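Spelled out from the first residue to the last, the chains are:
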Amino acid sequence: MSEFLSITISILFHGVAMAMVLYLISVGLSVTMGLMGFVNLAHGAFAMAGGYTLVILMKQHNLPFGVALVVAIAICVVLSLILERLLYRRLYGGDELDQVLMTMGLIFASVGAATYLFGPVSQSLEPPAMLRGQINFLGRDFPTYRSFLILCGALVVTALWLGLERTRFGAQIRASVDNLRMAQTLGINTSRLFTTAFALGSGLAALGGGLGADFLNVGPNYALEYLVYFLIVVAVGGLGSIRGPFVAALIVGVSDTAFKYLAPQYGAFFIYAITMAILLWRPRGLFGQSA
Amino acid sequence: MTDLSSRDLMGDRKVVVDAFARRHRFKWYEAIPWLVAIACYFLFENYHALGAQIFATILFALSLDLLIGFAGIVTLGHAAFFGVGAYAAGVMAANGWQEPFSEILVAAIVASGVGFVSGLIVLRTAGLTLLMQTLVVAALLQELANKWSSVTGGSDGLLGMKIDPIFGAFRFDLFGDTAYVYCLGVLFIGWLLARNIVYSSFGRSLTGIRENANRMHAIGAPVDRRKIIIYTISAALAGVSGALIAQTTALVGLNTLALSKSGELIIMLVIGGIGRLYGGFIGVPLYMIAQDRFSQIDPIYWYFWIGLFMILVVVFARGGVLGVFERFNQRRRSR
Amino acid sequence: MSAPALETKFLVKRFGALVVSNDINFTLERGARHALIGPNGAGKTSFVNLVTGVLTPSSGEICLAGETITDLSREQRVKRGLVRTFQISALFKRLTVLENVTLAIAEREGAANDLLRPAGHHRAIIEEAYDLLVPLGLANEALRPVTELAYGRQRMIEIAMALALKPKVLLLDEPAAGVPPRETGAIIDTIERLPADIAVLFIEHDMELVFRVAQRITVLVQGGVLVEGTPAQIADDPKVRQVYLGESKH
Ligand SMILES: Nc1ncnc2c1ncn2[C@@H]1O[C@H](COP(=O)(O)OP(=O)(O)OP(=O)(O)O)[C@@H](O)[C@H]1O
Ligand SMILES: [Mg+2]
């Protein structure tokens, strides 16, 4: 019995940690989807960029972890702003197909660029000494880094939700997701809102990609390899929803961990099956609005 | 399709109806791909194997064009059907059934079965959710092929296929001479079928669904049924294409089901031009020949440049090569 | 048989707390010219969406010629002669005018299930489509893409698409919406010339059109029927004056 409990706790722990990473990365995708109906398949590339910059800054420039993380996020935000101006903006409100094609191109370009810059093998993150090893909590040992990950994720998520509830910017986002036309007639500068939301989403992705490097290996194929996870989280959560993806990320994180632990011979099979089942039951996702 | 809008045709009933009713007739330029293919057989004797791959992939692109270009079903998992067809043919060939045409037939049936069943599920949704589900179907199959190694060979791939000579007479040779003609022939049949569908009333209604699904509902079209039908047909064609590749390379691996396979196919189609029936005929050879050249020089750059090229096509040259042609033609005519 | 062309019984639709259709009991007689009016957001379009199956009612029943159609799909309703137009034109914009109408007729005739023969071989369908465009004044533009036409012309195609389906009951959602005033005349004429055996329900804000064409008028306010009657009764009704006419005159 106590072994069962121990396994359950372990699965929940690692599952929640993975969920935090998935959520941080995917929430931006859900918002851009809900706000501007933009299918940004290349969203994962920003997470990859975050991961790479963090690792490189720490390894080659010996920056401390915290500083490197902040700089990595800043770099990704700037990168995303440039791409938004240059490319994304042209396709707002356009054909879904064009958006898919353009961002598909971005994915391939990111694969090539990463291979060229960092080589074909994936990079590993060396957490600072403080975050290595185990910590004891209620008489059990937990890996320190993943505990930190959960804590960090919980803080960011809380800040994000409070921000969306309490700030003017948050209210504008919610109003625009709800009804873009109406928001425009109310005088909200939606163009600036898009840009800000896009940058925020990319920044969060970079944070998730950096922190989550020990779940999602930072290699050149990142944006392609994990795309399915990000899309699952967003679609199962419900497009445009902020909380939906969190629940979806928990489902994916915990069940992926559980199945990989309990039935490793089936790989990711169950996750895919569960996803299909949920969408069969609720085609608009768990928190999507229905007709 | 733009020929019709020249103003001088209008007004007279017979003239208008004739112009409209004759759109499906063959135009001279539709012979070009076939003439080029025949000429290339004699001009590039050392590249017959590559040519065979190109023809098979064009068929794959054609099947995707039916979905994305005509029915407006944007999918990221088309490789699922390609891979299923490849494995179906491959497993038969590795287990003693060696007659190529019956293998193709079985590949088509199996792939269309998978297309039909998965279509029932995924086509209920649209947009990002549809993209995700098509991707998941392919990933699911890939996982299946990976784990079911007693049949599929798992991550090592399926080896040891043997294929009988075509019509009992033409052996698949090392240089790909037979494969070239064989793939070209199958592509021709697939193209005839696809072309027929596109110009049929059914095909026109698919275009209607792409342009405005709500309106199609409002004129009483069974939208969901139509989508499932074309999804199934497209899956069958993709399966045939996979079978061709399996037979001519005698190798099937997990990569036949991968997202990168679907993604690359989309890129090829976009370069040529989506929704124009001939996009694959242009995009596939361009892509595969360029890849053959450049990746010998530096494979690392390949994905970067192809991605960049794709972005440029979408942002600046919508409609790909064929789209640029059309605009050029329109401008010339309106002078 | 004398069941009304269309009937709804206790039709209710809620979106969460918002009630967009509140117990609507409505009857459209055969061959009627019936107007549905009401302020913005009253639930008129929602009513059409419910009747045509775009929305699923929360409760209530819909009958077409005496038969319950509440559970039928959108396309099955169309096949039984229940046809609508859209408040905001919903056409195949990049296709030609002729193609738009041809698609509708091919659907009606079941030709659109034919994937073996070229569409051009169904010549009678194309001819019928062309002949339908002539009286609507669209024949000269038959081979032009819809986007190239002015919005007023597009509204005519909207009606042509509906007529192509040979409806028994026709629901017109603000046929003149967005049309410049000098072009509304053509649309009113077209509505007046609709075959007498079609039962027509039209939603309209333009009171001139309403009083010129309608034999009966139903006033919808906040999802519920406020009153129903002849144009004269409606014009004299104090409630209507207060709620509706008062509001639209500014
Ligand atoms: N899918 C939906 N979800 C939630 N609310 C909806 C939905 N569709 C319509 N509504 C609401 O139902 C109400 C009635 O809308 P409807 O479009 O039927 O009004 P209408 O009478 O046609 O108005 P108008 O004259 O402006 O066309 C509105 O408040 C609208 O916001
Ligand atoms: Mg309305």
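Keep in mind it's a predicted model, so treat the numbers as computed, not measured.

This part covers the coordination of the magnesium ion (ligand 2). Taken together, the protein ligands of the magnesium ion (ligand 2) are T45(C) (OG1) and Q87(C) (OE1), with distances of 1.9 to 2.1 Å. Of this pair, T45(C) sits in helix α1 (residues 44-52) while Q87(C) sits in the loop between β6 (82-84) and α3 (97-108), placing them 42 residues apart in sequence.

Facing the 44 residues of chain B at the interface are 44 residues of chain C. Both sides together, the interface formed by chain B and chain C hides about 3,800 Å², and carbon and sulfur atoms give 58% of it. When the buried surface of chain B facing chain C is broken down by residue, F20(B), R215(B) and I219(B) rank first, second and third, together holding 19% of it. Here chain B and chain C share 7 salt bridges between them. The tally of links from chain B across to chain C stands at 17 residue pairs in polar contact (both at pLDDT 80 or more). Of the residues belonging to the side of chain B that touches chain C, the class tally is 19 nonpolar, 13 polar and 12 charged.

Moving on, we come to the sheet that holds strand β1 (residues 6-15) of chain C. Residue and element names in this part refer to chain C. Ordered in space as β2-β1-β4-β5, the 4 strands form an open sheet in which the pairing is antiparallel. One side of each edge strand has no neighbouring strand; the edge strands of this open sheet are β2 (18-28) and β5 (67-68). With 5 bridges joining them, β1 and strand β4 (residues 59-64) adopt antiparallel strand pairing. The partner of E7 across the bridge, within β4, is C63. Strands β1, β2 and β4 of the sheet are contacted by α1, whose axis makes an angle of about 115 degrees with β1.

By contact count, the dominant pairing among the 2 pairs of chains in contact is that of chains B and C. Separated without contact, chain A and chain C have their nearest C-alpha atoms at a distance of 7 Å.

Residues and elements named next belong to chain C. With respect to topology, 6 strands assemble into an open sheet ordered β6-β7-β8-β3-β9-β10, the strand pairing being mixed. Since the sheet does not close on itself, it has two edges, and those belong to β6 and β10 (224-229), each with one partner. Mean inter-strand twist for the sheet, computed between neighbouring axes without regard to direction, equals 20 degrees. Relative to β10, strand β9 (residues 216-221) runs antiparallel, the two sharing 5 bridges. Considered in β10, the bridge of T218 is made with E228. Taken strand by strand, α1 contacts β3 (33-37), β6, β7 (169-173), β8 (199-203) and β9, and its axis lies near 145 degrees from that of β6.

Our focus in this paragraph is the site of ligand 1. All names here are of chain C. Ligand 1 sits among 13 residues. The nearest are V20, K44, T45, S46 and Q87. Between an oxygen atom of ligand 1 and a side-chain N or O atom of E174, the distance comes to 3.4 Å. Against a free-state accessible area of 640 Å², the protein chains account for coverage of 62% of ligand 1. Those elements that place two or more of their residues in the shell around ligand 1 are β2 and α1. Per-element tally for the shell around ligand 1: the top contributor is α1, with 3 residues. Along the lines of polarity and charge, the residues of the shell around ligand 1 split into 4 nonpolar, 7 polar and 2 charged.

Analysis parameters
Residues numbered from 1 in each chain as written. Chains lettered and ligands numbered in written order. Predicted model: local features only at pLDDT ≥ 70, side-chain atom pairs only at ≥ 80, totals over all residues. Heavy atoms only, no water. Donors = N, O, S within 2.8 Å, 3.2 Å for Na, K, Ca; no water. Helix = DSSP H or I, 4+ residues; strand = E, 2+ residues; numbered from the N terminus. Contact = heavy atoms within 4.5 Å. Buried area = accessible area lost by both parts, 1.4 Å probe. Salt bridge = Lys/Arg side-chain N within 4 Å of Asp/Glu carboxyl O. Polar contact = N/O pair within 3.5 Å; in protein donor to acceptor, adjacent residues only side chain to side chain. Nonpolar A, V, L, I, M, F, W, Y, C, P; charged D, E, K, R; others polar. Pairing = 2+ DSSP bridges. Axes fitted to C-alpha atoms, helices over the stretch in contact; angles between N-to-C directions. Near = heavy atom within 4 Å. Areas by Shrake-Rupley, 256 points an atom, 1.4 Å probe, with all protein chains shown as cover.

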